[in-house]
Each structure stands twice: as structure tokens, then as C-alpha cells.
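Single-letter residue listing:
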Amino acid sequence: MNFIKVRTYAEMSKIAADMVEAQIKSKPDSVLGLATGSSPVGMYELLIEKYRNGLLDFSKVRTVNLDEYVGLSGDNDQSYRYFMNDKLFNHINIDKNNTFVPNGLAKDIEKECEDYDKVINELGIDFQVLGVGRNGHIGFNEPSSVFSKGTHLELLKEDTIKANSRFFERIEDVPTKALTMGIESIMSAKKIILVSSGEAKRPIIEKLLDCEVTPLIPASILKNHPDVTIIFSEN
Ligand code: GLP
């Protein structure tokens, strides 16, 4: 694992955005695995700026998102589909038909998971962007006794619900279930970056650098991947 430590969120975002830019320039039809949460927002802003300045063309890019809350429609401003449209897709020349987010309203969850895995397998992820939860989750793969394989339903841990409640009016409004890409799919990406910032994330980042690979810290699996860069900013 490469580890880059910087002082500010802006520096972290710039490094990450430059890496995405290099990826798209080297392969204009790249498949990007994308994440939600606060960590990649600055990177998305810079990608929009690069597009506006004529530096980047997203017309051939395809994206697969890590996860989605169960029970929220894409129109709900708390859904991850809404987040992605709002923070990135609405502002660049990507074809929305080429952007994939699990359907949190799917009646048949099992089928939705199978279909999402088919999409991931057919596309193949070139470049995966990750954040990390304070408990080490990636996507919504919570600490567990085994590493997950494909897309599945996850019951969110109390700590995750608490952490994500900052985006909701009341903690009771935070969905308790989510669909998430599995660990094996994340690991299938050719290249992975993990962005994370601030004091609250320092303990998990330090643990990650030190620990053995264990499903109790899902992000620790990244140690087994040949091309991972963690970018951590102190502020
Ligand atoms: C959520 C998302 C993850 C994200 C994590 C960290 O639970 N499902 O994909 O990486 O939170 O979020 P943040 O970047 O806001 O700290």
C-alpha cells in the first residue's frame, strides 16, 4: 500500500483528482468505481472544474457506485444516487445511462444484487475510489467474521448509523440497511485509492497501516491488493 499524508483536505482532493484525471486520459472509456460520503466531495469538485476547463472528457466514462441505502429512491436527497447526480454527474458530460448505483427500492433484493454483480463483472473496474468508515468499513461492508464476495444486503452497525446521521435531520431517519458492492468486487479493481481526512479518521488509518488482514477491519484487505494508495489529510 502506498501511503500519502498531507495537511489539508484540499491537498488530498487535488492528489486524488489528478490521479482520476491521469486514469481517464490514459483510458477514455475507463470504468470508475465511485464512493459517497464527505471524503471524495472535494475531489468531485475538482473533477468538475477540470471538465469545465476542457481538461477532461467523461463522454465515454462508465461508473459503478459502491452502495445505496435500502428504502430510498434516487429522488430522495439522502440517497446515494441523488448524491452522485448532485455532486458530480449533473455537472459533467457523462451519459447517465453509463452510471450505475444499486437500486435501494428493488422489490427483489437478491435479484438486484445478482444484476449489479453482472454489471460489475461485465464492465470490470479500472479505478476504484474508496472512503473508510471509523470502524474500517469500505462501501458498506461492515466488520464481520468473513470478507464478503459480491453485492449483498448489509445491516448497518450502530457506529455507522451514528456517523451517517450527520446528513439526516434525525438519527431515526437513517436507513438501517444498505446494498453494497462486495469486498471481492472492490478488490477486483485494477487500481484503488482511499481518501480520508481529519482527527476522527486518524485512529482507523493508523490501525490500517499496522494491522493484520482481518474481516473485523474490512479495509485491511487492501493490503493484499497490488495497487492501492491511501491519501490521508490531517485536517
Ligand atoms: C459511508 C459510505 C462509505 C464511505 C464512508 C465514509 O458509510 N457508505 O462508502 O466511505 O461512509 O464516509 P465519509 O467519507 O463521509 O467519512
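Cut-offs applied
- Residues numbered from 1 in each chain as written.
- Predicted model: local features only at pLDDT ≥ 70, side-chain atom pairs only at ≥ 80, totals over all residues.
- Heavy atoms only, no water.
- Pairing = 2+ DSSP bridges.
- Helix = DSSP H or I, 4+ residues; strand = E, 2+ residues; numbered from the N terminus.
- Contact = heavy atoms within 4.5 Å.
- Axes fitted to C-alpha atoms, helices over the stretch in contact; angles between N-to-C directions.
- Phe/Tyr/Trp six-rings, centres within 6.5 Å; stacked < 30°, edge-to-face > 60°.
- Buried < 20%, exposed > 50% of the residue type's maximum accessible area, 1.4 Å probe, protein only.
- Lys NZ or Arg CZ within 6 Å of the ring centre and 35° of its normal.
- Parallel < 35°, antiparallel > 145°, perpendicular 65-115°, else oblique.
- Nonpolar A, V, L, I, M, F, W, Y, C, P; charged D, E, K, R; others polar.
- Expected span 1.5 Å × (residues − 1).
- Patch = residues over 30% accessible without salt bridge, like charges linked within 9 Å, V, L, I, M, F, W, Y side chains within 5 Å.
- Areas by Shrake-Rupley, 256 points an atom, 1.4 Å probe, with all protein chains shown as cover.
- Salt bridge = Lys/Arg side-chain N within 4 Å of Asp/Glu carboxyl O.

(A) Summary view of the sheet that holds strand β3 (residues 62–65). Pairing within the open sheet is parallel, and its 7 strands lie in the order β1-β10-β9-β6-β2-β3-β5. Lying at the two open borders of the sheet, with one neighbouring strand each, are β1 (2–6) and β5 (99–100). Pairing geometry for strand β9 (residues 191–197) and strand β10 (residues 228–233), over 6 bridges, is parallel. In the sheet register, Val195 faces β10, and the bridge partner there is Ile231. Packed onto the sheet, helix α1 (residues 9–26) meets β1, β2 (31–34), β6 (127–130), β9 and β10 and runs at close to 165 degrees relative to β9.

(B) Representation of the packing of aromatic side chains in the model. In total, this model carries 4 aromatic pairs according to the counting rule given. Ring geometry for Tyr69 against Phe140: centres 5.5 Å apart, planes inclined by 45 degrees, an arrangement best described as tilted. Residue Tyr69 is found in strand β4 (residues 67–69), and its partner Phe140 is found in the loop between β6 and β7 (152–155); the two are separated by 71 residues along the sequence. On the basis of relative accessibility, which here comes to 1%, the residue Tyr69 falls in the buried class. Where Tyr80 meets Phe140, the ring centres are 5.9 Å apart and the plane angle is 15 degrees; that geometry is what we call stacked. A residue pair is termed long-range when its members are at least 10 positions apart, and Tyr80 in helix α3 (residues 80–87) and Phe140 in the loop between β6 and β7 qualify at 60 residues. For Phe140, a relative accessible area of 2% corresponds to the buried category. A connected cluster of aromatic rings, assembled from ring pairs, spans Tyr69, Tyr80, Phe140 and Phe168. Of note, Lys87 hangs over the ring of Phe83, and the distance from its end group to the ring centre comes to 5.7 Å.

(C) Looking closely at the packing of helix α2 (residues 41–52) against α3. The N-to-C vectors of α2 and α3 enclose an angle of 40 degrees; their axes lie 10 Å apart at closest approach. Between α2 and α3, the interaxial angle falls into the category oblique. Counting all contacts with α2, which are made through Val41, Tyr44 and Ile48, the residues of α3 involved are Phe83, Met84 and Lys87. The class makeup of the residues in the contact of α2 with α3 is 5 nonpolar, no polar and 1 charged.

(D) Region of the structure containing the pairing of β6. Neither face of β6 is open: one carries Phe127 and Val129, the other Gln128 and Leu130, and all of them are buried. Looking at chain direction, β2 and β6 are connected through 2 bridges and run parallel. Note on β6: the bridge partner recorded for Leu32 is Phe127. Across 4 bridges, the pairing between β6 and β9 is parallel. Paired with Gln128 across the bridge in β9 is Ile192.

(E) Here's a closer look at α1. With 18 residues, α1 should reach 26 Å at 1.5 Å per residue; the first-to-last C-alpha distance of 26 Å fits that figure. Every buried residue belonging to α1 is among Met12, Ser13, Ala16, Ala17, Met19, Val20, Glu21, Gln23 and Ile24, and all of these are buried. Summarising the contacts, the buried residues of α1 are in contact with β1, β2, α2, β6, β9 and β10.

(F) Structural detail: a nonpolar patch on the surface. A grouping of Met1, Phe3 and Leu209 is seen on the molecular surface, where their side chains present a nonpolar patch of about 240 Å² in accessible area. Within the secondary structure layout, Phe3 lies in strand β1. The class of Phe3 is partly exposed, set by a relative accessible area of 34%.

(G) Expanded view of the sheet that holds β7. Here we have 3 strands laid out as an open sheet, ordered β4-β8-β7, and antiparallel in their pairing. Taken across any chain shown, the strands that pair with only one partner, and hence form the sheet edges, are β4 and β7. Ignoring which end each strand starts from, the neighbouring axes of this sheet average 30 degrees apart.

(H) Quick look at the environment of Gly150. Tracing the backbone through its elements, the reader meets Gly150 in the loop between β6 and β7. Beyond its immediate chain neighbours, meaning those up to four positions away, Gly150 contacts Asp117, Thr180, Met181, Gly182 and Ser185.

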